[in-house]
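# A structural walkthrough
Given next are the chains, with one letter for each unit.
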Amino acid sequence: MRGGGGLPSAGFLAKLDPRLAELRGRLYEKAYPPDRAAGHLSPVWAEALGLRAGIPVAMGGFDAHYGAVGAGITAGTLVKIIGTSTCDIAIASARERVPDIPGICGIVEGSVMPGYYGIEAG
């Protein structure tokens, strides 16, 4: 899904299962990277939560990807996230070509950190 910019087409999903193709039309069109703010905390919610209005609200993301960032992932390291599921995460510079690797679930630019391919298995 490198450079795909969003979700797969309905045609691609239909090849996996026709029911997935039916679902596609009800989903979003654009995917955003995790380093972009989803928005800012409104005054109403800021008061309710005891926080400052206007602070950035994080974009949703996969728990394993955010966990890898929290673990201090760097290029050349492998982070194993263990919780309700397990996931192996590595990153590689987006300036370099990353070959397709058998057994890898996905290689997606910006999925873990900006400027890097997120490489996921598990």
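The structure under discussion appears in the preceding block.
Residues numbered from 1 in each chain as written. Predicted model: local features only at pLDDT ≥ 70, side-chain atom pairs only at ≥ 80, totals over all residues. Heavy atoms only, no water.

## Section: a nonpolar patch on the surface
- There is a patch of nonpolar side chains on the surface, built from Phe12, Leu16, Leu20, Leu23, Leu27 and Tyr28 and spanning about 540 Å² of accessible area.
- Residue assignment for the nonpolar patch shows that the elements contributing at least two residues are helix H1 (10–16) and helix H2 (18–24).
- Checked against the element boundaries, Leu23 lands in helix H2.
- For Leu23, a relative accessible area of 32% corresponds to the partly exposed category. (Patch = residues over 30% accessible without salt bridge, like charges linked within 9 Å, V, L, I, M, F, W, Y side chains within 5 Å. Areas by Shrake-Rupley, 256 points an atom, 1.4 Å probe, with all protein chains shown as cover. Salt bridge = Lys/Arg side-chain N within 4 Å of Asp/Glu carboxyl O. Helix = DSSP H or I, 4+ residues; strand = E, 2+ residues; numbered from the N terminus. Buried < 20%, exposed > 50% of the residue type's maximum accessible area, 1.4 Å probe, protein only.)

## Considerations on helix H4 (residues 63–70)
- Within H4, burial applies to Ala64, His65 and Ala68. Down the axis of H4, the smallest arc covering the buried residues is 105°, so these residues share one side. Opposite the buried face of H4, by more than 90 degrees, sit the exposed residues Asp63 and Gly70.
- Where the residues of H4 are buried, they touch strand E3 (79–82), strand E4 (86–93) and strand E6 (116–121).
- One or two steps after H4, the chain reaches Gly72, where phi turns positive at roughly 85°. (Arc of directions from axis to C-beta. Contact = heavy atoms within 4.5 Å.)

## Some words on the sheet that holds strand E5 (residues 106–109)
- Judged by pairing direction, the sheet is antiparallel, and its four strands sit side by side in the order E3-E4-E6-E5 without closing on themselves. Because the sheet does not close on itself, it has two edges, and the strands there are E3 and E5. Looking at each pair of strands side by side, their axes are set apart by 25° on average, direction ignored.
- In this sheet, E6 lies alongside E5 in antiparallel orientation, the contact comprising four bridges. Opposite Gly106, over in E6, you have Glu120 as the bridge partner. (Pairing = 2+ DSSP bridges. Axes fitted to C-alpha atoms, helices over the stretch in contact; angles between N-to-C directions.)

## Here's the deal with the environment of Gly83
- Position of Gly83 relative to the elements: it lies in the loop between E3 and E4.
- Residue classification places Gly83 among the exposed residues on the basis of a relative accessible area of 58%.
- Put simply, Gly83 and Gly103 are 20 residues apart on the chain and 21 Å apart in space, counted from C-alpha to C-alpha.

## A short note on the state of the cysteines
- In total, this model carries zero disulfides according to the counting rule given.
- Its sulfur unpaired, Cys105 is 7.0 Å from the next cysteine sulfur, which belongs to Cys87. (Disulfide = S-S within 2.5 Å.)

## Some words on the pattern of salt bridges
- The final tally for this structure, using the stated rule, is two salt bridges.
- Between Lys80 and Asp88 there is a salt bridge whose closest N-O contact spans 2.6 Å.

## Observations concerning the environment of Asp17
- Locating Asp17 in the fold gives a position in the loop between H1 and H2.
- Counting along the chain gives 35 residues from Asp17 to Arg52, while the straight-line C-alpha distance between them is 46 Å.
- A distance of 2.8 Å separates a polar atom in the side chain of Asp17 from the backbone nitrogen of Arg19. (Polar contact = N/O pair within 3.5 Å; in protein donor to acceptor, adjacent residues only side chain to side chain.)

## Some points on the environment of His40
- Mapped onto the secondary structure, His40 falls in strand E1 (residues 39–40).
- Once residues within four sequence positions are removed from consideration, His40 is found in contact with Gly54, Ile55, Pro56 and Val57.

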